Amino acid sequence: MSPPGLRRMRADARRNYESLLATAHAMFSEHGTDASLEEIARRAGLGIGTLYRHFPTREALLEALLHDRMEGLAAEAGALLADPSPRAALWRWLTAFTERAFIYRGLPASVMATLRDETSELAASCHRLNTAGAALIRRAQDAGEIRADVAPADVMAMAGAIAWVGEQTPDDPERRSRLLTLLADGLTTGA
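What counts, and where the lines are drawn
- Throughout, a residue's number is its position along its own chain's written sequence, starting from 1.
- In keeping with the predicted nature of the model, local features appear solely for residues at pLDDT of at least 70, side-chain atom pairs appear and are counted solely at 80 or more, and the whole-chain, interface and lining totals rest on all residues.
- Note: side-chain values were computed over all heavy atoms of the structure, leaving out hydrogens and water.
- UniProt positions are given in the numbering used here, feature names are shortened, and annotations may be inferred rather than shown by experiment.
- The helix count covers DSSP runs of H or I at least four residues long, the strand count covers runs of E at least two residues long, and both are numbered beginning at the N terminus.
- The split into domains, and so the bounds of each, comes from an automatic or database assignment of domains.
- Throughout, a contact is declared for two residues whenever any of their heavy atoms are within 4.5 Å.
- Basic side-chain nitrogens of Lys or Arg form a salt bridge, by our definition, when they fall within 4 Å of a carboxyl oxygen of Asp or Glu.
- Whenever a nitrogen or oxygen atom comes within 3.5 Å of another N or O atom, the pair is scored as a polar contact, on the condition that within protein one atom can donate a hydrogen and the other can accept it, and that pairs from neighbouring residues in sequence are kept only if both atoms are in side chains.
- Under this grouping Gly is polar, as are all residues other than the nonpolar Ala, Val, Leu, Ile, Met, Phe, Trp, Tyr, Cys and Pro and the charged Asp, Glu, Lys and Arg.
- Take the buried Ala, Val, Leu, Ile, Met, Phe, Trp, Tyr and Cys residues and link them wherever side-chain atoms come within 4.5 Å; each set so joined is a nonpolar core.
- Throughout, exposure labels follow a simple rule: accessible area from a 1.4 Å probe, protein chains only, divided by the maximum for the residue type, with under 20% read as buried, over 50% as exposed, and the rest as partly exposed.
- Pairs were defined over the aromatic rings of Phe, Tyr and Trp, the Trp ring being its six-membered one, requiring ring centres within 6.5 Å. Orientation was assigned from the angle between planes: stacked under 30 degrees, edge-to-face over 60, tilted for the rest.

Asker: I tried to follow the UniProt feature "domain: HTH tetR-type" (unreviewed entry) in the protein chain on my own but got confused; where do I start?
Answerer: As recorded in UniProt, the sites labelled "domain: HTH tetR-type" (unreviewed entry) are residues 14-73. As a span, residues 14-73 carries 80% helix and 0% strand, and end to end its C-alpha atoms are 26 Å apart.

Asker: Help me understand the domain arrangement of the protein chain in this model?
Answerer: A common way to state how big an interface is: give the accessible area lost once the parts meet. By the assigned domains, the protein chain splits into domain 1 (1-56) and domain 2 (57-187). The interface is formed by 17 residues belonging to domain 1 together with 16 residues belonging to domain 2. One can count 0 salt bridges joining domain 1 with domain 2. Here domain 1 is connected to domain 2 by 7 residue pairs in polar contact (both at pLDDT 80 or more). The set of elements that each furnish at least two residues to the side of domain 1 that touches domain 2 consists of helix H1 (11-31) and helix H2 (37-43). A per-element tally of the side of domain 1 that touches domain 2 places H1 first, with 8 residues. Taken together, the residues of the side of domain 1 that touches domain 2 sort by class into 10 nonpolar, 5 polar and 2 charged.

Asker: Can you walk me through the nonpolar core in this structure?
Answerer: General note: in soluble globular proteins, nonpolar side chains tend to be found buried as a group. Ranked by internal contacts, the top residues of the largest apolar core, which has 54 residues, are Phe28, Ile40, Leu61, Trp93, Leu94 and Phe97. Of the residues that make up this core, three or more belong to each of domain 1 (1-56) and domain 2 (57-187). Discounting residues that sit within four places of it in the chain, Ile40 has contacts with Leu20, Thr23, Ala24, Met27, Phe28, Leu51 and Leu61.

Asker: Where do I start with the environment of Arg15 in this structure?
Answerer: Within the secondary structure layout, Arg15 lies in helix H1. Arg15 sits 126 residues away from Gln141 along the chain, and the two C-alpha atoms are 47 Å apart.

Asker: Is there a simple way to think about the UniProt feature "DNA-binding region" (unreviewed entry) in the protein chain in this case?
Answerer: Sequence positions flagged by UniProt for "DNA-binding region" (unreviewed entry) are, in local numbering, residues 36-55. With 70% helix and 0% strand, the stretch residues 36-55 has end C-alpha atoms that lie 14 Å from each other.

Asker: Please clarify how the environment of Ala148 should be interpreted in this entry.
Answerer: Position of Ala148 among the secondary structure elements: in the loop between helix H7 (121-142) and helix H8 (152-168). Placed 11 residues apart in sequence, Ala148 and Ile137 show a C-alpha to C-alpha distance of 9.4 Å.

Asker: Please clarify how the packing of aromatic side chains should be interpreted in this entry.
Answerer: Each aromatic ring pair is specified by the distance between its two centres and by the angle formed by the two planes. Under the counting rule described, the total for this entry stands at 3 aromatic pairs. Consider the rings of Trp93 and Phe97, whose centres lie 5.5 Å apart with planes at 25°: the pair is stacked. Placement of the pair is Trp93 and Phe97 together in helix H5 (residues 86-100), with a separation of 4 residues, close to one helical turn. Note on accessibility: Trp93 and Phe97 belong to one class, buried.

Shown next, in the form of structure tokens:
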């Protein structure tokens, strides 16, 4: 992610910022979102104070790592609003969401913990992503292609749960796809 002030940072501060992000990505990939922030700073060759100057909270670090991914998913949802098949567009996007939204073990719990914090940038990114998904859901509902009696927030919660289950069962890579198919069947008009 490129924060607004990254270009204005001194070269050494920019290197530190980028080193912290790369190290955090590696640590979160290996150990999940509960990885030690002290260890991230140490592996990046920096002090914990430097980490906290750039990222005052674990959520701020996660936001920096996830911002581009989440904005990309939101942009994909916007582009899919022009797809001639609202239902097919929704399932393409929900598949991408469940595959890419939760890349670190423990991320769903970390995200859920921040959603009620109106000052959290991570929560704001999640809300933008949910709004983008809700637009696809409402479009499919308006077209009569999925049930009209389902709240978009519930569909997004189910998609998040499917992503979490996929994370918990790495020995069954097809499970996520099977669960999405069950969701699709349950939402289909007349199901």
